[in-house]
Amino acid sequence: GQLQNQQWRNKAINDTYEPGSTFKSVVLAAALEEGVVTESDHFHCSGSVQVADNTIRCSKREGHGDQTLAQAVANSCNPAFIEIGQRLGSTLFYNYFKAFGFTQKTGIDLPGETTGVYYTADKMGPVELASESFGQTFRITPMQMITAVAAVANGGYYVKPHIVKEILDSNGNVVKSFETEKQRQVISTETSQIISQCLNSVVENGSGKNAYVAGYRMCGKTGTSQKIDKVDESGTMLYVASFCGFAPADDPEYAIIVIVDEPRAGAYYGSVVSAPVAASIMGDILPYLGVDPTIFVSCQ
């Protein structure tokens, strides 16, 4: 019975996970929209940051040094995003967390959808705010994550997801269609466009470069989150590797999320494990759906 239940589980809506750095695109959206950061801001990373009694380290132990906002995003720098989260503060952070749909079910037309576990603004102290700013210490569903990223990409609108576009009868006539339901505008179109540029540079120059699809301008963010409460047989920490992105950068049409739960083949980073899968899938999807590749003109 238990095995059958596992087999039939729809992990996209039935299970929750810690999104890790893929969530940084949402934090960036909130901060840009509120004007607490701008594209001209710089961030210094020494390799770690002190928050209350906790030392939180960057993935680059020696630090990234001075970074522009775009570089901090491409580097997926935790200390930079902790500072961005601090500038927002717990109330604004939670308001956007809620506006991007993370406190409720998406309402997709599939059974058994669940919701995550998170801190409300009044329970979010400095350490919780810091860790949530880089996607740890809360849990969401993959469907919530991709729906939020779609809102980041599409000009700022939170859209209720549907599994079916339309129902046809035997003669090919449309019996019922499901229209795009724009429920609210979370960020401005201008903010959406700035983030698309940043997330395009993640794929072209940063941690998401394994998601590059020749001929297309991909946007995306990788993530690697620790499973705090779980280790393998030898006591080694287990991880969730993910990539969440969209294309084409100039006029986004398709979003994708790839989550690899507990990768065991040596590598466990989203940049190594999940980004190539996203590239492979999008490399098939975009031409199939008739999205024209960018025409690169050489001046040589």
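Source: prediction; values computed, not measured.

Caption draft 1: Summary view of the overall build of the protein chain. Helices and strands together make up the secondary structure of the protein chain, namely 10 helices and 11 strands. Computed over C-alpha atoms, the radius of gyration of the protein chain comes to 19 Å, within 12% of the 19 Å expected from 2.2 N^0.38 for 300 residues, which places it in the range of a compact globule. Oriented by its inertia axes, the alpha-carbon framework of the protein chain measures out at about 65 × 65 × 40 Å. In the protein chain, the proportion of contacts linking residues at least 24 apart, taken out of those at least 6 apart, comes to 67%. A total accessible area of about 14,900 Å² is found for the protein chain, and carbon and sulfur atoms account for 49% of it. Both charge centroids of the protein chain, one from 22 positive and one from 31 negative side chains, sit 5 Å from each other.

Caption draft 2: Expanded view of the nonpolar core. Counting 50 residues, the largest nonpolar core has F23, L28, I84, F100, F102, M145 and I195 as the members making the most contacts within it. Listing elements by their share of this core, those giving two or more residues are α3 (24-34), β1 (42-45), α4 (69-75), α5 (78-99), α7 (142-153), α8 (189-205) and β10 (237-247). The greatest single-element share of this core, amounting to eight residues, is contributed by α5. Look past the residues within four positions of L28 in its chain and what remains in contact with it is L69, V73, F81, I195 and C198. V203, I256, A279 and M282 belong to the second largest nonpolar core, which has 15 residues in total.

Caption draft 3: Up close: the state of the cysteines. Considering all chains together, one arrives at zero disulfides under this definition. In this structure C198 is a free cysteine whose sulfur lies 9.7 Å from that of C219, the closest cysteine sulfur available. The cysteine C244 is free of any disulfide, with C219 supplying the nearest cysteine sulfur at 11 Å. We classify C244 as buried; its relative accessible area is 4%.

Caption draft 4: Geometry of the pattern of salt bridges. Evaluated as defined, the whole model comprises seven salt bridges. Among the salt bridges present, the one from D15 reaches R9, with a minimum N-O distance of 2.4 Å. In this structure, the salt-bridge partner of K11 is D261, at a minimum N-O distance of 3.3 Å. Of the two residues, K11 is situated in helix α2 (residues 11-14) and D261 in strand β11 (residues 254-261); the sequence distance between them amounts to 250 residues. Look at D261 and you get partly exposed, because its relative accessible area is 36%. Linked by salt bridges that have partners in common, D41, E83 and R87 make up one network.

Caption draft 5: The arrangement of the packing of α3 against α5 in detail. Packing of α3 against α5 leaves a shortest axis separation of 9 Å and a crossing angle of 70°. Regarding the angle of α3 to α5, the classification is roughly perpendicular. In this structure, α3 uses K24, V27, L28, A30, A31, E33 and E34 to contact α5, whose residues at the interface are N78, F81, I84, L88, L92, F93 and Y96. Each residue belonging to the contact of α3 with α5 can be placed in one class, and the counts come to 10 nonpolar, one polar and three charged.

Caption draft 6: Region of interest: the pairing of strand β3 (residues 54-57). In this structure, strand β2 (residues 48-51) lies alongside β3, joined through four bridges in antiparallel fashion. Bridge pairing in β3 places V51 opposite N54. Connecting β2 to the antiparallel partner β3 that follows it, the hairpin turn spans two residues, and A52 within it adopts a positive phi of roughly 55°.

Caption draft 7: Representation of the environment of Q104 in the model. You can see Q104 is positioned in the loop between α5 and α6 (126-133). Judged by its relative accessible area of 33%, Q104 falls in the partly exposed class. Measuring from C-alpha to C-alpha, the distance between Q104 and T222 comes to 24 Å, with 118 residues separating the pair along the chain. Setting aside residues no more than four positions away along its own chain, Q104 makes contact with T115, Q144 and R184.

Caption draft 8: Focus on unusual backbone geometry. At the junction of A247 and P248, the peptide bond is cis and its omega measures out at -15° in the coordinates. Position of P248 among the secondary structure elements: in the loop between β10 and β11. For S76, which is not glycine, the phi dihedral falls at a positive 50°. By secondary structure assignment, the location of S76 is in the loop between α4 and α5. Judged by relative accessible area, which is 10%, S76 ranks as buried. In this structure, E262 is a non-glycine residue whose phi angle is positive, near 55°.

Calculation notes
- Residues numbered from 1 in each chain as written.
- Predicted model: local features only at pLDDT ≥ 70, side-chain atom pairs only at ≥ 80, totals over all residues.
- Heavy atoms only, no water.
- Helix = DSSP H or I, 4+ residues; strand = E, 2+ residues; numbered from the N terminus.
- Rg over C-alpha atoms; globule rule 2.2 N^0.38 Å.
- Contact = heavy atoms within 4.5 Å.
- Areas by Shrake-Rupley, 256 points an atom, 1.4 Å probe, with all protein chains shown as cover.
- Lys, Arg positive; Asp, Glu negative; His and termini not counted.
- Charge placed at Lys NZ, Arg CZ, Asp CG, Glu CD.
- Core = buried A, V, L, I, M, F, W, Y, C linked by side-chain atoms within 4.5 Å.
- Buried < 20%, exposed > 50% of the residue type's maximum accessible area, 1.4 Å probe, protein only.
- Disulfide = S-S within 2.5 Å.
- Salt bridge = Lys/Arg side-chain N within 4 Å of Asp/Glu carboxyl O.
- Axes fitted to C-alpha atoms, helices over the stretch in contact; angles between N-to-C directions.
- Parallel < 35°, antiparallel > 145°, perpendicular 65-115°, else oblique.
- Nonpolar A, V, L, I, M, F, W, Y, C, P; charged D, E, K, R; others polar.
- Pairing = 2+ DSSP bridges.

Just geometry here; none of it tells us what the structure is for.
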